[in-house]
Amino acid sequence: MTTVDIMDQQVLCGRKVVGGCVEGEVLCTEAHISGWGGIDSRTGTIVETRHPLRGQSFAGKVLVFPGAKGSSGWSNAFHLTRSMGVAPAAMLFTEMSTKIALGAVVTRAPAMTDFDADPLVVLRTGDWVRVDADKGIVQLLRRAQEQPTVP
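Calculation criteria
- Residues numbered from 1 in each chain as written.
- Predicted model: local features only at pLDDT ≥ 70, side-chain atom pairs only at ≥ 80, totals over all residues.
- Heavy atoms only, no water.
- Axes fitted to C-alpha atoms, helices over the stretch in contact; angles between N-to-C directions.
- Helix = DSSP H or I, 4+ residues; strand = E, 2+ residues; numbered from the N terminus.
- Parallel < 35°, antiparallel > 145°, perpendicular 65-115°, else oblique.
- Left-handed = near helix turned anticlockwise from the far one by under 90°.
- Contact = heavy atoms within 4.5 Å.
- Nonpolar A, V, L, I, M, F, W, Y, C, P; charged D, E, K, R; others polar.
- Buried < 20%, exposed > 50% of the residue type's maximum accessible area, 1.4 Å probe, protein only.
- Pairing = 2+ DSSP bridges.
- Core = buried A, V, L, I, M, F, W, Y, C linked by side-chain atoms within 4.5 Å.
- Salt bridge = Lys/Arg side-chain N within 4 Å of Asp/Glu carboxyl O.

Under an unreviewed UniProt entry, the name given to the protein is Phosphomevalonate dehydratase small subunit-like domain-containing protein, and the organism recorded is Comamonas thiooxydans.

Participant: A description of the packing of helix H1 (residues 73-83) against helix H2 (residues 98-107) should follow, citing residues and the corresponding values.
Facilitator: Relative orientation and spacing of two packed helices are given, respectively, by the angle between their axes and the distance between those axes. Viewed as axis vectors pointing N to C, H1 and H2 meet at an angle of 20°, and their least axial separation amounts to 8 Å. It follows that H1 is roughly parallel to H2 by the angle criterion. Here H1 and H2 pass one another in a crossing that is right-handed. Across the interface between the two elements, Trp74, Ser75, Phe78, His79, Thr81 and Arg82 from H1 touch Lys99, Ile100, Leu102, Gly103, Val106 and Thr107 from H2. Of the residues that constitute the contact of H1 with H2, the class distribution is five nonpolar, five polar and two charged.

Participant: Provide a residue-level description of the pairing of strand S10 (residues 90-93), including the pertinent values.
Facilitator: In S10, alternate side chains face the same way, and those of Ala90 and Leu92 on one face and Met91 and Phe93 on the other are all buried. With four bridges connecting them, strand S8 (residues 62-65) and S10 associate as parallel partners. Counterpart to Leu63 in the pairing with S10 is Met91. As paired elements, S10 and strand S11 (residues 111-113) share two bridges and run parallel to each other.

Participant: Mind laying out the nonpolar core, listing which residues take part and the relevant values?
Facilitator: Judged by nonpolar contacts, the single largest core of 18 residues is most densely connected at Ile33, Trp74, Phe78 and Met91. Every element with two or more residues in this core is listed here: S8, H1, S10 and H2. Tallying contributions element by element places H1 first for this core, with three residues. With sequence-adjacent residues up to four places away left out, Ile33 is seen in contact with Ile39, Ile46, His51, Leu63, Phe65, Gly67, Ala68, Lys69, Trp74 and Phe78. Phe115, Val122, Val131 and Ala133 belong to the second-largest nonpolar core, a separate cluster that totals 17 residues.

Participant: Mind laying out the pattern of salt bridges, listing which residues take part and the relevant values?
Facilitator: For the coordinates displayed, the defined rule picks out seven salt bridges. Ionic pairing is found between Glu23 and Arg130, a salt bridge with its closest N-O pair at 2.5 Å. In this pair, Glu23 sits in strand S4 (residues 21-28) while Arg130 sits in strand S12 (residues 128-132), placing the two residues 107 residues apart along the sequence. The salt bridge involving Arg42 is made with Asp40; its shortest N-O contact spans 3.1 Å. Arg42 sits in the exposed class, given a relative accessible area of 59%. Put simply, Arg124, Asp127 and Arg143 are held in one network by salt bridges that share partners.

As structure tokens, then:
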């Protein structure tokens, strides 16, 4: 099975972990995210020293990443982002584990996995998507604006 184009819009099909439907801006990383010590739960910012997204906020964004790393404190760190109002709008991940499942559940953001195509290949930071976890689809609504090259 592969991604399909529906009315000129690309759609990824996957499996629901946490239900819900949201639209939002994509934030992608090919690096796993450490919850405990890797994020600032008060601001929704990645603070892990060597992480490629260090200093960037995932608050209110559709976070696309492989999965969790580190201790079981991962789920607690992401649960705190919810209580602080800085949780991701949705989470799309390529590796399923009990740690990531629990983190998704306590964050209560729509979450999906097991896609028909790698979302880290199909999507890029700045894209705008609709995540309908209940239907098992992620619809690419708008591509990120290309930055003009400066001569």
